[in-house]
Amino acid sequence: MPAVTTATASLVPFAPSSNVAQLKESATIAVSARARALKAAGRQVIDLGAGEPDFDTPVFIRRAAQKAIDSGATRYTATEGILPLREAIAAQANALYRGTDPVKPGDVVVSTGSKQSLFNTCFVLFGAGDEVLVPTPSWTSYYEMVVLAKAAPVPVFGSRSRGLKVTAGELADAATPRTRGVMLNSPCNPTGSVYSAEELRDILALAADRGWWVVSDEIYLQIAYDAPATSVLSLVPDRERLILINGVAKSYAMTGWRIGWAIAPRAVSASMTALQSHTTSNAAAVSQHAAVAALTDTAAAEAAVTEMVRHFRARRDAAMDVLDAAGVQYVRPEGAFYLYIDVGGDGAEFATRLLDSSGIAVVPGSAFLTPEWVRVSYAAPIEHVVEGVRKLVAAL
Ligand SMILES: Cc1ncc(COP(=O)(O)O)c(C=O)c1O
């Protein structure tokens, strides 16, 4: 066997490969990490940057997970997820779906968070030379995932008068012969805007007309305040060009369990499963069993979700009172748990100043390609939300 040498003279210093050379760290995760570091150093910090519910996972879900561990759910599962979970996901989807090809368990791929489902989707659908329309502002990772797939994200900016939502007409204007798909997210991170059934219908009709893939990320669907948010599943006649993304993280306070899924036409779900079989394999077995409980114990789940949404609504209303009294411009959120606030200048500079001088962590809008804004998460105790928003207003 050749001897292992420690000669380093000829070693080239690390440079990221072209696969990731352009990749930026998730700004939302970076803000939370910075807030945590300041806290660890003894600073008082109110973290309004995190995109995760501050509630504990409901007890009935934790109990189901404990039972699953004791019953041996400690091994690999099928790459695409255990059948009872895929059946429960299909049943939940079919309760909304009105089209001709009901969701079957084989159309479902369970992944390590909906983040992986979205990555799988972008990687199997898009490639070099393709363009993907991204209504903007949008969740920061869509842009990076499309780039990782070697395709080009095309931001389409929504207008203020419509809560920064885009119209079918604006998408049509941004399209080229290379357009392959559109990313939808309603309720939206970072704005909290919710697309009406009519707005979605127009976009779906355009996509169908052009043969685009529609990727609908409905992770915040159950967190809506004024009226139930509309799933595109309830609007499409068939699912031939639809990828539906959802997960348990936000609705059931299960961020750390890492369970998300994609519902796709069979050929696409097979391709995602093949991709996942070479990357992460199955999502954690015990988490899958916990997710089964979340989706099948509907009475307990509904009670838990209703209670969490009640808290989110109270915080949203309290924060809006502070902003309205000060005449601050923001998007009125109808869902999710974010307030998107116009700071009328450099949002990154503002967010840094707010954290350093007042100990309030928010996410700069540059993460969502709209640098004059900041995102405030109200997934925090109401007194923190109110104090944080008051300090934000004072800093403005
Ligand atoms: C719009 C959106 N989609 C997907 C995700 C990822 O969620 P998960 O925890 O299921 O990976 C997030 C998390 O912040 C999100 O805001």
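Engineer: For this particular structure, what's the right way to read helix α7 (residues 197-210)?
Structural biologist: Quick reminder: α-helices carry 3.6 residues per turn. Residues three or four places apart thus point the same way. End to end, α7 covers 20 Å across 14 residues, agreeing with the expected 20 Å (1.5 Å per residue, within 8%). Packing partners of the buried residues in α7 comprise α6 (168-174), β5 (179-185) and β6 (213-217). At the exit of α7 stands G211, carrying a positive phi of roughly 75 degrees.

Engineer: Explain the side chain of S377 to me, please; I cannot follow it from the model alone.
Structural biologist: You can see S377 is positioned in strand β13 (residues 373-377). S377 sits in the buried class, given a relative accessible area of 2%. Side-chain polar atoms of S377 contact the backbone nitrogen of A379, separated by 3.1 Å. The residues touching S377, leaving out its near neighbours within four places in the chain, are L48, G49, A50, F337 and Y338.

Engineer: Quick question: what am I supposed to make of the domain arrangement of the chain here?
Structural biologist: Many authors give the size of an interface as the accessible area that is lost as the parts come together. When cut into domains, the chain gives domain 1 (27-56 + 301-395) and domain 2 (75-296). Taken over C-alpha atoms, the centre of domain 1 sits 25 Å from the centre of domain 2. With 32 residues of domain 1 in contact, the opposing surface of domain 2 contributes 33 residues. Of the roughly 2,700 Å² buried between domain 1 and domain 2 on both sides combined, carbon and sulfur atoms contribute 60%.

Engineer: How should the sheet that holds strand β3 (residues 131-136) be read in this particular structure?
Structural biologist: Within a sheet, neighbouring strands are paired by backbone hydrogen bonds and run either parallel or antiparallel to one another. Pairing in this open sheet of 7 strands is mixed, and the strands run β2-β8-β7-β6-β5-β3-β4 from one edge to the other. The outermost strands of the open sheet, each flanked by one partner alone, are β2 (108-111) and β4 (152-157). Within this sheet the neighbouring strands show an average axis-to-axis angle of 20 degrees, counted without direction. Note: β5 against β6, 5 bridges, orientation parallel. Opposite V182, over in β6, you have V214 as the bridge partner. Here helix α4 (residues 114-125) sits on the sheet in contact with β2, β5, β6, β7 (242-247) and β8 (260-263), set at roughly 160 degrees to β7.

Engineer: Quick question: what am I supposed to make of the packing of aromatic side chains here?
Structural biologist: How two aromatic rings sit relative to each other is given by the distance of their centres and the angle of their planes. Overall, the coordinates contain 10 aromatic pairs when judged by the stated rule. Seen from their ring centres, Y340 and F368 are 5.9 Å apart, and the 80 degrees between their planes marks the pair as edge-to-face. Separated by 28 residues along the polypeptide, Y340 in strand β10 (residues 338-342) and F368 in the loop between β12 (363-364) and β13 bring together distant segments of the chain. No difference in accessibility class separates Y340 from F368, as the two residues are buried. Aromatic rings pair up to connect F55, Y220, F312, F337 and Y338 into one cluster. Above the ring of Y97, the side-chain terminus of R239 is found at 5.9 Å from the ring centroid.

Engineer: What is the right way to look at the layout of surface pockets in this model?
Structural biologist: Space left empty within the atom packing is revealed by a probe, the size of a water molecule, rolled over the atoms. The computed volume of the largest pocket comes to approximately 810 Å³. In terms of lining, the largest pocket is formed by 40 residues, of which the most central are A50, G51, E52, K250 and T255. Of all the elements in the fold, those that place two or more residues in the lining of the largest pocket are α1 (27-40), β1 (46-47), α4 and α5 (140-148). By residue number, the principal contributor to the lining of the largest pocket is α1, which donates 6 residues. Two domains each provide a minimum of three residues to the lining of the largest pocket, namely domain 1 (27-56 + 301-395) and domain 2 (75-296). In this structure, the second largest pocket occupies an estimated 690 Å³ of space. Taken together, 32 residues form the lining of the second largest pocket, with Q92, L96, L221, Q222 and Y252 sitting closest to its centre. For the lining of the second largest pocket, the secondary structure elements donating two or more residues are α3 (83-94), β7, β8, α9 (285-296) and α10 (298-326).

Calculation rules
Residues numbered from 1 in each chain as written. Predicted model: local features only at pLDDT ≥ 70, side-chain atom pairs only at ≥ 80, totals over all residues. Heavy atoms only, no water. Helix = DSSP H or I, 4+ residues; strand = E, 2+ residues; numbered from the N terminus. Expected span 1.5 Å × (residues − 1). Contact = heavy atoms within 4.5 Å. Buried < 20%, exposed > 50% of the residue type's maximum accessible area, 1.4 Å probe, protein only. Polar contact = N/O pair within 3.5 Å; in protein donor to acceptor, adjacent residues only side chain to side chain. Domains from an automatic or database assignment. Buried area = accessible area lost by both parts, 1.4 Å probe. Pairing = 2+ DSSP bridges. Axes fitted to C-alpha atoms, helices over the stretch in contact; angles between N-to-C directions. Phe/Tyr/Trp six-rings, centres within 6.5 Å; stacked < 30°, edge-to-face > 60°. Lys NZ or Arg CZ within 6 Å of the ring centre and 35° of its normal. 1 Å grid on protein atoms, 1.4 Å probe; cavity = no way out; pocket = protein on both sides within 12 Å on 5 of 7 lines; lining within 4 Å. Points joined across faces, edges and corners; volume = space filled by probe spheres on them.

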